[in-house]
Amino acid sequence: MASLNVNGKTLDVNADSNTPLLWVLRDTLGMTGTKFGCGAALCGACTVHLDGKPIRSCSTPLSAAAGKKITTIEGIGSSDVGKKVQAAWASLDVPQCGYCQSGQIMAATALLTEKPKPTDADIDNAMAGNICRCGTYPRIRAAIHKAAKGA
Amino acid sequence: MSQLKNPTRRTFLKSSAAVGGGLIIGVALPGAFRDANAATDSKINAWIRIGSDNKITILSARSEMGQGVYTAMPTLVAEELEVDLRRIKVEIAPPGEVYINEMLGGQITGGSTSVTEAWEKLRVAGAQARMMLVSAAAQKWGVDASACRAQNATVTGPGGKKATYGQLAEAASKLPVPKDVKLKEPKEWRYIGKPLKRLDTPSKINGTAEFGIDVKMPGMLYAALAQCPVLGGKVASYDASKAKGMPGVKHVVQITDGVAVVADSWWQAKQARDALDIKWDGGPNAALSSESIAAALKAAAAKPGAVIKKQGDADAGMKGAAKTVEASYELPFLSHSPLEPMNFTADVRKDSALLVGPIQFQEGAAGMAASITGLKPAQITVRTTFLGGGFGRRIDLDFMAQAIEISKAVGAPVKLLWTREDDVTHDFYRPTSVHQMSGALDAGGKPTALKLHLTSSSVTSRLFPPFVKDGIDPFMTEAAVVPYDIPNQFADVVIHETGVRVGYWRSVSHALNIFANESFIDEMAVAAGKDPYEYRLALLDKQPRFKNVLQLAAAKAGWGKPLPKGRARGIGLMEGYGTYMAQVAEVSVQGGQIRVHRVVVAVDLGRMVNPNIVEQQIDSNIVFGLTALLYGEITLKDGRVQQTNFHDYKLLRMPETPKIELHIVQSTEKPGGIGEPATALIGPTVANAVFAATGKRLRKLPLRLA
Ligand code: FES
Ligand code: FES
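Residues numbered from 1 in each chain as written. Chains lettered and ligands numbered in written order. Predicted model: local features only at pLDDT ≥ 70, side-chain atom pairs only at ≥ 80, totals over all residues. Heavy atoms only, no water.

A. Molecular detail of the overall build of chain B. Scanning chain B from N- to C-terminus turns up 18 helices and 27 strands. Relative to the 2.2 N^0.38 estimate, which gives 27 Å for 706 residues, the radius of gyration of chain B is 27 Å and therefore close to what a compact globule would have. With the C-alpha coordinates of chain B rotated into their principal frame, the extents come out at 80 × 75 × 45 Å. Sorting the 706 residues of chain B into buried and exposed places 63% on the buried side. The long-range share in chain B, meaning contacts at least 24 apart out of those at least 6 apart in sequence, stands at 77%. Seen as two clouds, the 83 positive and the 68 negative side-chain charges of chain B have centres 3 Å apart. (Helix = DSSP H or I, 4+ residues; strand = E, 2+ residues; numbered from the N terminus. Rg over C-alpha atoms; globule rule 2.2 N^0.38 Å. Buried < 20%, exposed > 50% of the residue type's maximum accessible area, 1.4 Å probe, protein only. Contact = heavy atoms within 4.5 Å. Lys, Arg positive; Asp, Glu negative; His and termini not counted. Charge placed at Lys NZ, Arg CZ, Asp CG, Glu CD.)

B. Layout of the packing of aromatic side chains. All names here are of chain B. Tallying each qualifying case throughout the model produces 17 aromatic pairs over all chains. With centroids separated by 5.2 Å and ring planes inclined at 50°, the aromatic side chains of Y70 and F386 adopt a geometry described as tilted. With Y70 in helix 2 (residues 69-81) and F386 in the loop between strand 17 (380-384) and helix 11 (398-410), this pair connects stretches of sequence that are 316 residues apart. Neither Y70 nor F386 differs from the other in exposure class; each is buried. An angle of 80° between the planes, with centres 5.7 Å apart, marks the rings of W119 and W189 as edge-to-face. In this pair, W119 sits in helix 3 (residues 114-141) while W189 sits in the loop between helix 4 (165-173) and helix 5 (201-204), placing the two residues 70 residues apart along the sequence. In terms of burial, W119 and W189 fall into one category: buried. By way of ring pairs, the aromatic residues F361, F464, F467, F475 and Y504 are connected into one cluster. The ring of W505 has R430 lying over it, and the distance from NZ or CZ to the ring centre is 4.7 Å. The ring of F428 carries the charged tip of R501 above its face, separated from the ring centre by 3.9 Å. (Phe/Tyr/Trp six-rings, centres within 6.5 Å; stacked < 30°, edge-to-face > 60°. Lys NZ or Arg CZ within 6 Å of the ring centre and 35° of its normal.)

C. Here's a closer look at the sheet that holds strand 22 (residues 567-576) of chain B. Residues and elements named next belong to chain B. One open sheet accounts for 4 strands, arranged 22-23-24-27; its pairing is mixed. Every interior strand has two partners, whereas the edge strands, strand 22 and strand 27 (659-664), have only one. Between one strand and the next, the sheet's axes are offset by a mean angle of 20°, whatever the strand orientation. Summarising the sheet, strand 24 (residues 593-604) and strand 27 pair through 6 bridges and their orientation is parallel. Residue pairing for strand 27: V601 is matched across the bridge by L662. On the sheet, helix 18 (residues 677-694) packs against strand 22, strand 23 (579-590) and strand 24 and is oriented at approximately 40° with respect to strand 23. (Pairing = 2+ DSSP bridges. Axes fitted to C-alpha atoms, helices over the stretch in contact; angles between N-to-C directions.)

Structural measurements only, silent on function.
See the structure below:
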């Protein structure tokens, strides 16, 4: 039994401590907004925040997340930056199939929290780990710039 | 896929029962099946349901896999129905005869056909429904229908009379369907042609959109499946004693495609699956390798093929030429790799089955489910979730058959999920191909003869065999004939099966043939000492739509104008799915690394439903096509696919994405498809630019310098 702090709530979970956080979120807690793409820290679909830093939940064991603040796509809208990012995503209609977008939004929010006015190079660096097979990259870039302008 | 406008294709599909892997698809659906998912709301027609609370649901007969049909299809209905697009609810239609894609002959999402096929049909359905609602109001008020007006989901009549669609729906649903339908004039359109926002965006930015992987059922268990690492092999024997003792494991069952572990959570199932001790029988493919496949393909290419184009006398043209050009292009196998790995959730019981997942082929799903479960179609419910990408992969339903078999065996609802490794190593790959081309130039450099000899595998032979006739698979020869005015032409094709299972992959054979043809016309221009743009242009006098997009792309890209040092341009031209397109790419090459900086796209897709979605599709296709061009290659050794995940099957990432500029020709022609063509064209456009930058003609994909 481990105790997790997810989106500000404390939840008890019954799972082996080696279980990747991704599967605890999705299957044990039923929070399916966080996605599985590769299971090997190669695609970013499973990105969540651990104490505000973006991590790959597919490759982070439950034991490493216990006692830390976990934020997922379900909770990101309650931060100011997260709200702005979601608003920019909506106004530019970023998603296509949408599958990668939870991870993209988590990565973009982490970037903008750390660097409120990112350059294109900052965006390239921060977002290079998040694959979008549908190729929404041009709109993701535009949406990050838009969110940075506060819209 | 537009070649198949043959009224008998439907019969073909119905009768094409046997496909690879023992699946049964295309089983004709009895009428009862049409109502499988009918709600208690009033059903105005197959596309529209209206609740007494005035909730309006529009069904999309195509799967939403990113391409925007979830928005585009309802737009067509709503335009004529006179409802606000924002207030409607969209559902993906269940399997049913009425939802069949008439261009493809089945309830399939593919071939960039969704809008083209639905264009008339859905507007008519919307108009009919509106007329029925107006008639119901007129009857209710005892006035003439011409005195009533429909607007914003409400009918108004003389003297300020008003009734919502919800209030009229029940009466309307009992009225006869009007035959004489007058559609709105384009200038009256409120939605069609406007850059409207997608209806699925809100749920896709907050984690609530339901993909197949997210499906939940009460009492659901999770499954992971071990499949033979050799494509087409099977289980010889296995020992599950270790796996059975692992935490959470409930069942280990053998099914047609391998051994499944069923557990309380997917991670537990996956861990136990990895602990299975399985002896595999690789079967006839056990010795396949990329080298042996390439050698067999070359041997097959030495044979004469089935003729698809004969005009004038190409051989005589070659003999009388001032100059001849020859080239051979080679394309590898590719995987689809949608970001959501294959998955499916099935609850198979004695007298019913609930089947939920991300599929592109509802009709095949219904038929297949009936054949595996032995249930009657009326006992089977199929629900389509959002697809985390499709690209053709989810036309095949292997993963669905597996989930059905597992649920049936264990007697519980089961969600089967593949790993990424399962996905990359068990795809239905884009076929490998060889394109042998030769051309003749006269003394002025003008092309006088062109020959193509194409050798590749046929997806259609596996999926829809009756479509393949006299050695010709129409989905292998798309865009194989050039639009250019060349007097003597000859093209033939050899179908060669390599042993590797192949599938339809975004833009299907366009990507193969356009790469070869547009590279070759460039080579001819070079041989003639001419500018590749001018060279093409001079051959297009009989092709105004081609000519127009070519000129537009060149003008917008600044063709011929100086570029920063180290940069070079390439150009390409195509038609596919009724859409005409030209592209210009700007590239640079440094230390063997190809960098694409800018892509200009000019497109004439006829009338378009939603320019916002068109722009998305162009971005998507350029990125998808660049991935294939720069990285994509599946290789085999000992019958096994060697790539396993995104470290060795690389996908384009944000820093490598070029600036993409789109220019759309305002056109009143019939709508063309936009989900695929740009994927095909970016290949030769960039390869031509790489030639311009380096003088090296790369004829083998992926592009590799040195
Ligand atoms: S699923 Fe975690 S990085 Fe891909
Ligand atoms: S929107 Fe489909 S993978 Fe990114």
